[in-house]
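What follows is the residue order along each chain.
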Amino acid sequence: MSALKAGVLAVVVIVVATYFGFTKANPFANPFELEAVVRDAQNLQVRAPVRIAGVEVGKVTKVEAAHDGESAARVTMELRDDALPIHEDATLEIRSRILLEGNFFVDIKPGTPGTADYESGDTVPITRTSNSVTLPDILAVLQSDVRTDLQTLLREYGTEALSKGGAEAL
C-alpha cells in the first residue's frame, strides 16, 4: 500500500471516528421507536427525556406537525430496551419538568400486561395522549372579565349564603 493511500485511509477513519464520537450515534443499534400524536407539543424539544415512573428510559428524536394547518404534533421517541414492553392501552402525557414552566418531558404509563404490545414504529393515537395544564393556561383563563365575575360570585356567596345560614340560605 502506498503512503498516499494509507494517509487517505487514516484521514477517513479519523473523520468517521470523530463524527461518531461527537454525535454519540451508534450505526449498529436498532432502537425501539415509538410515535405519538398529541394535541399540543407545548415546546417539547428534540432530546427531551422520556420517562416511565420517573425513570428516564429514552429521548425524543423528532417533533413535527401532524397535518398541515392543525395544531396537533407527531412526536417520535427512541426508547431503551428496559422501557419495554409498551402496551396498546398505554397513555402518554407531556409534562413540565419544573413547577414554573421550563423544559418538558414525555411521561409514559406503559399500560396493562394483558393487552397487546406496540411494535417498533407504531403510533400512539391522539386519544391516548394528553397535556398537562401549565401556569400560562391558568392565567389565560382568568382574563379581566372572568376575574370580575369570579370576584362577584365569591363576594355574593360569602355575604349572602354563608352569613345567612350556609346551605339552608341557598
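Above this text you will find the structure in question.
Notes on the structure follow.

Criteria and thresholds
In every chain, residue numbers begin from 1 and rise along the written sequence. Owing to the predicted nature of the model, reporting of local features is limited to residues with pLDDT of at least 70; listing and counting of side-chain atom pairs is limited to 80 or more, with chain, interface and lining totals taken over all residues. Only hydrogens and water are removed before side-chain values are computed, so all heavy atoms of the structure are retained for them. Here a Phe, Tyr or Trp ring, Trp counted by its six-membered ring, pairs with any other such ring whose centre lies within 6.5 Å, and the pair is stacked when the planes are under 30 degrees apart, edge-to-face when over 60, and tilted otherwise. Only Lys NZ and Arg CZ are tested; either one counts as a charge over a ring when it is within 6 Å of the ring centre and within 35 degrees of the ring normal. Like-charged residues within 9 Å of one another, or nonpolar side chains (Val, Leu, Ile, Met, Phe, Trp, Tyr) within 5 Å, are grouped into patches, provided each residue has over 30% relative accessible area and no salt bridge. Here the open area of atoms and residues is found with the Shrake-Rupley method and a 1.4 Å probe, where only the protein chains shown may cover a residue. Any Lys or Arg side-chain nitrogen found within 4 Å of a carboxyl oxygen on Asp or Glu counts as a salt bridge. Here a strand is any run of E in DSSP of at least two residues, a helix any run of H or I of at least four, and the numbering for each starts at the N terminus. Residue burial is assigned from relative accessible area. The probe radius is 1.4 Å, only protein chains are included, and a residue is buried under 20% of its type maximum, exposed over 50%, and partly exposed in between. Among buried residues, the Ala, Val, Leu, Ile, Met, Phe, Trp, Tyr and Cys ones that are joined through side-chain atoms within 4.5 Å form a nonpolar core. Note on definitions: a residue-residue contact is assigned when non-hydrogen atoms from the two residues lie within 4.5 Å. Whether two strands pair depends on DSSP finding at least two bridges between them.

### Considering the packing of aromatic side chains
Within a pair of aromatic rings, the relevant descriptors are the distance that separates the centres and the angle that separates the planes.
Here is step 1: Under the definition given, this model contains 1 aromatic pair.
Here is step 2: Between the NZ or CZ atom of R51 and the centre of the ring of F105, over which it lies, the distance is 4.5 Å.

### Here's the deal with a nonpolar patch on the surface
Here is step 1: There is a patch of nonpolar side chains on the surface, built from L4, V8, V12, V16, Y19 and F20 and spanning about 570 Å² of accessible area.
Here is step 2: Here V8 is to be found in helix α1 (residues 3-23).
Here is step 3: When its relative accessible area of 49% is taken as the criterion, V8 is described as partly exposed.

### Some remarks on the nonpolar core
Here is step 1: Grouped together as the largest cluster of nonpolar side chains are 25 residues, with contacts concentrated most on L44, M77, L79 and I108.
Here is step 2: Elements supplying a minimum of two residues to this core: β1 (32-38), β2 (49-52), β3 (55-65), β4 (73-79), β5 (91-96) and β6 (104-109).
Here is step 3: Leaving out residues up to four positions away in the same chain, M77 has contacts with F32, E33, L34, E35, A36, V50, K59, V60, T61, L92, V106 and I108.

### Let's talk about the pairing of β2
Here is step 1: One ladder, built from 4 bridges, connects β2 with β3; its direction is antiparallel. The residue of β3 that forms the bridge with V50 is G58.
Here is step 2: Hairpin connection, β2 to β3: the antiparallel pair is bridged by 2 residues, and A53 has positive phi, about 55°.
Here is step 3: As paired strands, β2 and β6 are joined by 3 bridges and run parallel to one another. By the bridge assignment, R51 is partnered in β6 with D107.

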